[in-house]
Amino acid sequence: MSQPANVWIIDDDQSIRWVLERALSQAGMQPRVFESGEGILMRLDHEQPDAIVSDIRMPGIDGITLLSQVVEKHPDVPVIIMTAHSDLDSAVTSYQTGAFEYLPKPFDVDDAVALVKRAVAHSHEKRATGETHTESPQRSAEIIGEAPAMQEVFRAIGRLSHSNITVLINGESGTGKELVAQALHNHSPRARNPFIALNMAAIPKDLIESELFGHEKGAFTGAAAARQGRFEQANGGTLFLDEIGDMPADTQTRLLRVLADGEFYRVGGTTPIKVDVRIIAATHQDLEKLVQAGSFREDLFHRLNVIRIHLPKLAERREDIARLMQHFLKRAAKELAVEPKVLRPEAEEYLTTLPWPGNVRQLENTCRWLTVMASGREIHIDDLPPELLQQAETETTAYGQTWQEGLRNWADQELKRGKKGILDIAVPEFEKIMIETALKHTGGRRRDASILLGWGRNTLTRKINELGLDHPESDEG
Ligand SMILES: Nc1ncnc2c1ncn2[C@@H]1O[C@H](COP(=O)(O)OP(=O)(O)OP(=O)(O)O)[C@@H](O)[C@H]1O
């Protein structure tokens, strides 16, 4: 009921697939994308998503035909049909054929997400039995990290590879905690058994217990069938409890008991269930503080805090940024079936200096964005998303000013002090800064610096003399 909703997106337009996939993932769902409706019906015989979002006009089987087949064979799976705005006929046909809803393109992403959520809720209501087992999507376990702090993490993974010990991973959001948890599992004696991830912050509080421990039929309103919890699903394997700091107090008590006894009861159940589960927990919060504040049980904290792995912020391992970007650009290109883009050196250098508050996830999203939005194969600084460029503008001057604002304030101050002829002070100063910076970038080579500045070589030489910048000529050839 509260497992991440499985949503299939079918569209031959990769940008639509991408936008929806991203938006639904961010809304806590598990989208899966398909370029066409071919094979969907066969797939449905094996597993049913909580909702399907399909385009109408696609090569091969079209959306309406697919819809009619799904409605006939799997009436419990709601289908949302997308099509061009003007196409009223298709809208009508979709409804008549049994679509859950019709989504005109272009659509507002938030509206689309809200609509998919409605469809998912609807299918949960309708689906009395036969919950499908959703595992985390298979991830490539490649973890990039040459920075010393990451090497520490790799060593820990290696050292722990023969053990089933509990691990607590600390680190800001997007630093790769889940990836590391998965790697710990993949390199453990439990590797062949399930790795089940559950994010405490993403589940409504009242559903956490049934999510973890499952429930018996009729345990609460809406519990139409008995259902396994994550603990049972993870039996023999690893249960990754993300954002453990958000676990409600009574669930903490229950978890502690399970860890001590190795058994639990489903919600509404009377038979104890035995499991063998390794716990890896993660949090971006300071659990010691939570313990002090009384919102996290101290005894549970000690049980979880056996081995601790700390993931540094991306800004603390800048040496990995370039490699990570290359990795994500390649991956995004593969996802979108396009040629991989490459960063121009200056764009790469620039990106390496940004603060990246969203850590690796933000970097990954930026690479996806660039793969779709950058016009050529090479990514120039101008291609970067506006919010990243603005960061530079505000960060290059102190006090959060842009240089224009700084200049304006300066001029204002000078005039207030009664100065006259301020251009005679400002213009040479401006040119001096431009010239010196350009020369710095070319290692003192004037010919190249004049190109960077957009001046002729002779103009640059004259200016250097006029301004009295006796920059040594170097490597003029
Ligand atoms: N070192 C790395 N090498 C390659 N990919 C990485 C690395 N670190 C993180 N990623 C990728 O960045 C994204 C975010 O990582 P992950 O979900 O593991 O972070 P998290 O710390 O668990 O975030 P949150 O706390 O928000 O859930 C994932 O797509 C992951 O694959």
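Worth saying up front: this structure is predicted, and the values here are computed from it rather than measured.

To continue, consider the overall build of the protein chain. Regarding its fold elements, the protein chain presents 20 helices and 14 strands. In the protein chain, once contacts between residues fewer than 6 apart in sequence are set aside, the share between residues at least 24 apart is 71%.

Per the UniProt entry, the sites bearing "modified residue: 4-aspartylphosphate" (unreviewed entry) are D55 in this numbering. Not counting residues up to four positions away in its chain, the partners in contact with D55 are I10, D11, D12, D13, G63, M82 and T83.

Now for the site of the ligand. Around the ligand there are 18 residues in total, and S173, G176, K177, E178 and V360 lie nearest to it. Those elements that place two or more of their residues in the shell around the ligand are α7 (177–186), α13 (321–336) and α15 (359–373). Class assignment for the residues of the shell around the ligand results in 5 nonpolar, 8 polar and 5 charged. Two domains each provide a minimum of three residues to the shell around the ligand, namely domain 2 (148–310) and domain 3 (328–396).

So, on to helix α1 (residues 14–26). Each α-helix turn comprises 3.6 residues. Residues three or four places apart therefore point the same way. Here α1 is 13 residues long and its end C-alpha atoms lie 18 Å apart, about the 18 Å a rise of 1.5 Å per residue gives. Listed in full, the buried residues belonging to α1 are I16, R17, W18, L20 and L24. Once α1 finishes, G28 follows within two positions and takes phi at roughly 85°, a positive value.

Attention now goes to unusual backbone geometry. Phi angles above zero are rare outside glycine, and E243 is one such case at about 50°. Relative to the assigned elements, E243 resides in the loop between β8 (238–242) and α10 (249–261). Judged by the 19 C-beta atoms lying within 10 Å of it, E243 falls in the partly exposed class. We note that W356 has phi near 45°; this positive angle belongs to a residue other than glycine. By the element assignment, W356 lies in the loop between α14 (345–352) and α15.

Before going further, it helps to examine the sheet that holds β8. Backbone-to-backbone hydrogen bonds join strands into a sheet, with any given pair of strands oriented parallel or antiparallel. The parallel open sheet is built from 5 strands, whose spatial order is β7-β8-β11-β6-β12. The outermost strands of the open sheet, each flanked by one partner alone, are β7 (195–199) and β12 (307–310). Within the sheet, the average angular offset between the axes of one strand and its neighbour, ignoring direction, is 20°. Alignment of β8 against strand β11 (residues 278–283), held across 4 bridges, turns out to be parallel. Paired with F240 across the strands is I280, a residue of β11.

Rules used in this analysis
- Residues numbered from 1 in each chain as written.
- Predicted model: local features only at pLDDT ≥ 70, side-chain atom pairs only at ≥ 80, totals over all residues.
- Helix = DSSP H or I, 4+ residues; strand = E, 2+ residues; numbered from the N terminus.
- Contact = placed C-beta atoms within 7 Å.
- UniProt positions renumbered as here; feature names shortened; annotations may be inferred.
- Near = placed C-beta within 6 Å.
- Nonpolar A, V, L, I, M, F, W, Y, C, P; charged D, E, K, R; others polar.
- Domains from an automatic or database assignment.
- Expected span 1.5 Å × (residues − 1).
- Buried ≥ 20, exposed ≤ 12 C-beta atoms within 10 Å, placed from the backbone.
- Pairing = 2+ DSSP bridges.
- Axes fitted to C-alpha atoms, helices over the stretch in contact; angles between N-to-C directions.

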